[in-house]
Amino acid sequence: MPPIEVLENIFWVGAVDWNVRHFHGFTYSTHRGTTYNAYLIVDEKTALIDSVYGPFAEEMIVRISEIIDPSKIDYVVANHVETDHSGAIQEILKLAPQAKVIGTARCKEGLQKHYFGNWDFQVVKTGDEINLGERRLKFIETPMLHWPDSMFTYIEKDALLLPNDAFGQHLATSKRFDDEVDEKILMDEAAKYYANILWLFSSLVIRKIEEIQKLGLKISMIAPSHGIIWRGNPMKIVEAYLRWARGEAGRKILVVYDTMYGSTEKMAKAMVEGITSEGVETVLVRLPVSDRGDIIKELLEAKGILVGSSTINSGVLPDVAPFLEEMKGLRPRNKIAAAFGSYGWGGGAVKIIEESLEKAGMELVAPALTVKWVPDKDEMQKCFEFGKKFAKKVTKTK
Ligand SMILES: Cc1cc2nc3c(=O)[nH]c(=O)nc-3n(C[C@H](O)[C@H](O)[C@H](O)COP(=O)(O)O)c2cc1C
Ligand SMILES: [Fe+2]
Ligand SMILES: [Fe+2]
């Protein structure tokens, strides 16, 4: 794949990683691979915006070499320290040792602690600019979106925002633009990315978007560091971020559970019937056979969640515990919840689930429903009603 001219004299020189299936260690499943997007701006001065993951350095250098001699690079802008974007900096600086590395103070500190290089570093703050000739690079610090070092680069001439990890999607494709790929797949991957990487920072997301609106920056194109570039209607992804950050969701209900002998599963399925009878969309997920990252994405788009576990040794089943922990960490906004499960004698699982749901900041809208051993006909009917009532609450909640 040759370099792609995104705008006049601005080239995509990144790499497509078709095979990666796990990100951030094993915490995020990338079923569709990803891309590492680096951009080369050729002007009186030449700037490389971000680089690629280390193993793809050669690929990036080949692409750059099709446009210019890499030794001619004047600036390497590091919007973010994380190795999927900085991994090839060392290789580039071997070819262009005179190039200045541009980043925030925390980026400088972070890059030194990753690569131990003695580089010519220029620290920038929000509002600082670098003149390339026809174009100027403007920087906006975005701490904790999603690392302390993160920043955005903006080019006024093209109304182009280069926000690094923000607005990205893990999606390997031979296409480079939003209007060239399947919209549903694209928005699904963007939602999964937001849910798994940015959800926790939602209040910062809202504040940063408001700050950029106040600065009055016109944005015609958003070129993130993963996946496709938003060019048709770049505000579409900004509006989606605001929706997700505010906790606005459809009427969907997520039913998440685990079971040993099928009793809690029977309860869950009766609840799904009850929810469906109200015309509300629902997704049933058995934790040990489902993908973590996908479940979190489903939760982002759900208004309510029912969590079920039978009791084992007075607690929840082993695959339920990490899910509860994760929800406590993500603190999903604006969701309603309830617990359920089968038990044999003293019980205990639903109490743990309820405590976790509350700690995650969710509103418990019904007392937990428990069944001793196997649910009988009446108890199945109660589960059905439980689901139905919960669905009614979802349709009433804003
Ligand atoms: C290894 C094991 C430990 C259990 N520990 C408890 C317990 O501490 N308290 C309790 O009330 N029930 C306990 N139970 C009983 C289960 O909660 C009960 O069988 C329940 O109906 C299982 O529901 P399920 O088919 O949805 O897994 C235990 C069952 C097993 C197999
Ligand atoms: Fe990152
Ligand atoms: Fe990244």
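Residue positions within a chain follow its written sequence, with the count starting from 1. Chains carry letters from A onward and ligands carry numbers from 1 onward, assigned in written order. Local features are withheld for residues below a pLDDT of 70 in this predicted model, meaning they are given only at 70 or higher, and side-chain atom pairs are given and counted only at 80 or more; totals for whole chains, interfaces and linings count all residues. Heavy atoms from the whole structure form the basis of all side-chain values; hydrogens and water molecules are not counted.

Asker: How would you explain the pairing of strand E19 (residues 304-309) if you had to name every residue and give the values?
Answerer: Counting buried positions along E19 yields six of six residues, so the element is predominantly enclosed. Along E19, one buried face is formed by Gly 304, Leu 306 and Gly 308 and the opposite face, lined by Ile 305, Val 307 and Ser 309, is buried too. Here a strand pair is declared whenever DSSP counts at least two bridges between the two strands. Only DSSP runs of H or I with at least four residues qualify as helices, and only runs of E with at least two residues qualify as strands; both kinds are numbered from the N terminus onward. For strand E17 (residues 253-258) and E19, the ladder comprises six bridges, and the chain directions are parallel. Within E19, the residue paired with Tyr 257 across the bridge is Gly 308. A 1.4 Å probe rolled over the protein chains alone gives each residue an accessible area, and that area as a share of the maximum for its type sets the label: buried under 20%, exposed over 50%, partly exposed in between.

Asker: Requested: an account of the coordination of the iron ion (ligand 2), with residues and values cited.
Answerer: Distances from the iron ion (ligand 2) to its protein donors, His 80 (NE2), Glu 82 (OE), His 146 (NE2) and Asp 165 (OD), fall within 1.9 to 2.3 Å. One can describe the donor arrangement at the iron ion (ligand 2) as irregular, given that its four donor atoms subtend angles of 92 to 167° at the metal. Coordinating donors are taken as N, O and S atoms within 2.8 Å of the metal, stretched to 3.2 Å for Na, K and Ca; because water is absent from the atoms, sites can appear incomplete. Read in sequence order, the donor residues coordinating the iron ion (ligand 2) give the pattern H-x1-E-x63-H-x18-D. Key to geometry: four donors with every angle between 85 and 135 degrees are tetrahedral; four donors are square planar and six octahedral where opposite donors lie over 155 degrees apart and all remaining angles lie between 65 and 115; all other sites are irregular.

Asker: An account of the sheet that holds strand E11 (residues 121-123) is needed here, citing residue identities and associated values.
Answerer: One open sheet accounts for seven strands, arranged E1-E2-E7-E8-E9-E10-E11; its pairing is mixed. Looking at the sheet topology across the chains shown, the edges are occupied by strand E1 (4-7) and E11. Between one strand axis and the next, the sheet turns through 25° on average, direction left out of account. When strand E2 (residues 10-12) meets strand E7 (residues 39-42), the two strands line up antiparallel, connected through three bridges. Opposite Ile 10, over in E7, you have Ile 41 as the bridge partner. The criterion used for residue contact is that any of the two residues' heavy atoms lie within 4.5 Å. All axes are obtained by fitting lines to C-alpha atoms, using only the stretch in contact for helices, and the reported angles, taken between N-to-C directions, cover 0 to 180 degrees. Helix H4 (residues 105-115) contacts strand E10 (100-103) and E11 of the sheet and is inclined by roughly 150° relative to E11.

Asker: Let's hear about the side chain of Thr 30: which residues, and what values?
Answerer: Structurally, the position occupied by Thr 30 is in the loop between strand E5 (28-29) and strand E6 (34-36). Two N or O atoms count as a polar contact when they lie within 3.5 Å, although within protein this holds only if one can serve as hydrogen donor and the other as acceptor, and sequence-adjacent residues are included solely when both atoms are side-chain atoms. Only 3.2 Å separates the side chain of Thr 30 from the backbone nitrogen of His 22, close enough to count as a polar contact. Apart from residues lying up to four places away in sequence, Thr 30 is in contact with Val 20, Arg 21, His 22, Phe 23 and His 170.

Asker: Would you mind going over the packing of helix H5 (residues 183-198) against helix H7 (residues 235-246) in detail, with residue names and values included?
Answerer: Following both chains from N to C, one finds H5 and H7 inclined at 45°, their axes separated by 11 Å at the closest point. One way to sum up the angle between H5 and H7 is to call them oblique. Along this stretch, H5 crosses H7, giving a crossing that reads as right-handed. Residues Glu 183, Met 187, Ala 190, Ala 191, Tyr 193, Tyr 194 and Leu 198 of H5 form the contact with H7, whose participating residues are Lys 236, Ile 237, Ala 240, Tyr 241, Trp 244 and Ala 245. By the definition adopted for this analysis, an angle is roughly parallel if under 35 degrees, roughly antiparallel if over 145, roughly perpendicular if from 65 to 115, and oblique otherwise. Note on convention: near helix rotated counterclockwise from far helix by under a right angle means a left-handed crossing. Clockwise means right-handed.

Asker: Outline the site of ligand 1, supporting the account with residue identities and numerical values.
Answerer: Near ligand 1, the surroundings consist of 18 residues, among which Met 260, Thr 264, Ser 314, Ser 342 and Gly 347 are the closest. Contact distances for ligand 1 include 2.7 Å between an oxygen atom and a backbone N or O atom of Thr 311. Here Asn 313 contributes a backbone N or O atom positioned 2.8 Å from a nitrogen atom of ligand 1. Calculation of accessible area relied on Shrake-Rupley with a 1.4 Å probe; when residues are assessed, cover is drawn exclusively from the protein chains displayed. About the coverage of ligand 1: the protein hides 85% of its 640 Å² of free accessible area. Those elements that provide at least two residues to the shell around ligand 1 are helix H8 (263-277) and strand E20 (336-343). When residues are sorted by character, Ala, Val, Leu, Ile, Met, Phe, Trp, Tyr, Cys and Pro go into the nonpolar class, Asp, Glu, Lys and Arg into the charged class, and all the rest, Gly among them, into the polar class. Its residues placed into classes, the shell around ligand 1 shows six nonpolar, twelve polar and no charged. Any residue with a heavy atom lying within 4 Å of a molecule or strand is counted as near it.

Asker: So what's going on with helix H6 (residues 202-215)? Which residues, and what values?
Answerer: The span expected for a helix works out to 1.5 Å for each residue beyond the first. Over its 14 residues, H6 extends 20 Å from the first C-alpha to the last, a length consistent with the 20 Å expected when each residue adds 1.5 Å. Ser 202, Val 205, Ile 206, Lys 208, Ile 209 and Ile 212 are the residues of H6 that are buried. Burial along H6 is one-sided: seen end-on, the buried residues are contained in an arc of 165°. Away from its buried face by more than 90 degrees, H6 exposes Arg 207 and Lys 214. By definition, the arc is the one covered by directions from the helix axis to the C-beta atoms.

Asker: Requested: an account of the packing of aromatic side chains, with residues and values cited.
Answerer: Centres within 6.5 Å make a pair out of two Phe, Tyr or Trp rings, where for Trp the six-membered ring is used; the pair is then stacked when the planes are under 30 degrees apart, edge-to-face when over 60, and tilted otherwise. Evaluated as defined, the whole model comprises eight aromatic pairs. Between Phe 167 and Tyr 241, the ring centres sit 4.5 Å apart and the planes meet at 45°, which makes this aromatic pair tilted. Of this pair, Phe 167 sits in the loop between strand E15 (160-162) and H5 while Tyr 241 is found in helix H7, placing the two residues 74 residues apart along the sequence. Here Phe 167 falls in the buried class, since its relative accessible area comes to 5%. Given the relative accessible area of 1%, Tyr 241 is considered buried. Chaining the aromatic ring pairs together yields one cluster made of Phe 167, Tyr 194, Tyr 241 and Trp 244. A ring is considered to have a charge above it if a Lys NZ or an Arg CZ atom is located within 6 Å of its centre and within 35 degrees of its normal. The lysine or arginine in question, Arg 231, covers the ring of Phe 177, its NZ or CZ lying 3.8 Å from the ring centre.

Asker: Please give an account of a nonpolar patch on the surface that cites residues and values.
Answerer: Think of a patch as exposed residues, more than 30% relative accessible area, with no salt bridge, where like charges cluster within 9 Å and nonpolar side chains (Val, Leu, Ile, Met, Phe, Trp, Tyr) cluster within 5 Å. Salt bridge, as used here: a side-chain nitrogen of Lys or Arg that lies within 4 Å of a carboxyl oxygen of Asp or Glu. Among the surface-exposed residues, Trp 345, Trp 373 and Val 374 lie close enough to one another that they form a single nonpolar patch of about 430 Å² accessible area. Assignment of secondary structure puts Trp 373 in the loop between strand E22 (369-372) and helix H12 (377-396).

Asker: I'd like a rundown of the coordination of the iron ion (ligand 3), residues and numbers included.
Answerer: Within the first shell, the iron ion (ligand 3) binds the protein through Asp 84 (OD), His 85 (NE2), Asp 165 (OD) and His 226 (NE2), at distances of 2.1 to 2.2 Å. In this structure, the iron ion (ligand 3) is coordinated by four donor atoms arranged in irregular fashion, with angles at the metal of 82 to 169°. In primary sequence terms, the donor set of the iron ion (ligand 3) follows D-H-x79-D-x60-H. Between the iron ion (ligand 3) and the iron ion (ligand 2) the interatomic distance amounts to 3.5 Å, and Asp 165 serves as a bridging ligand to the pair. Remark: Asp 165 occurs in the loop between E15 and H5 and His 85 occurs in helix H2 (residues 83-86); sequence separation between them is 80 residues. You'll find His 85 and Asp 165 in the same group, each marked buried.

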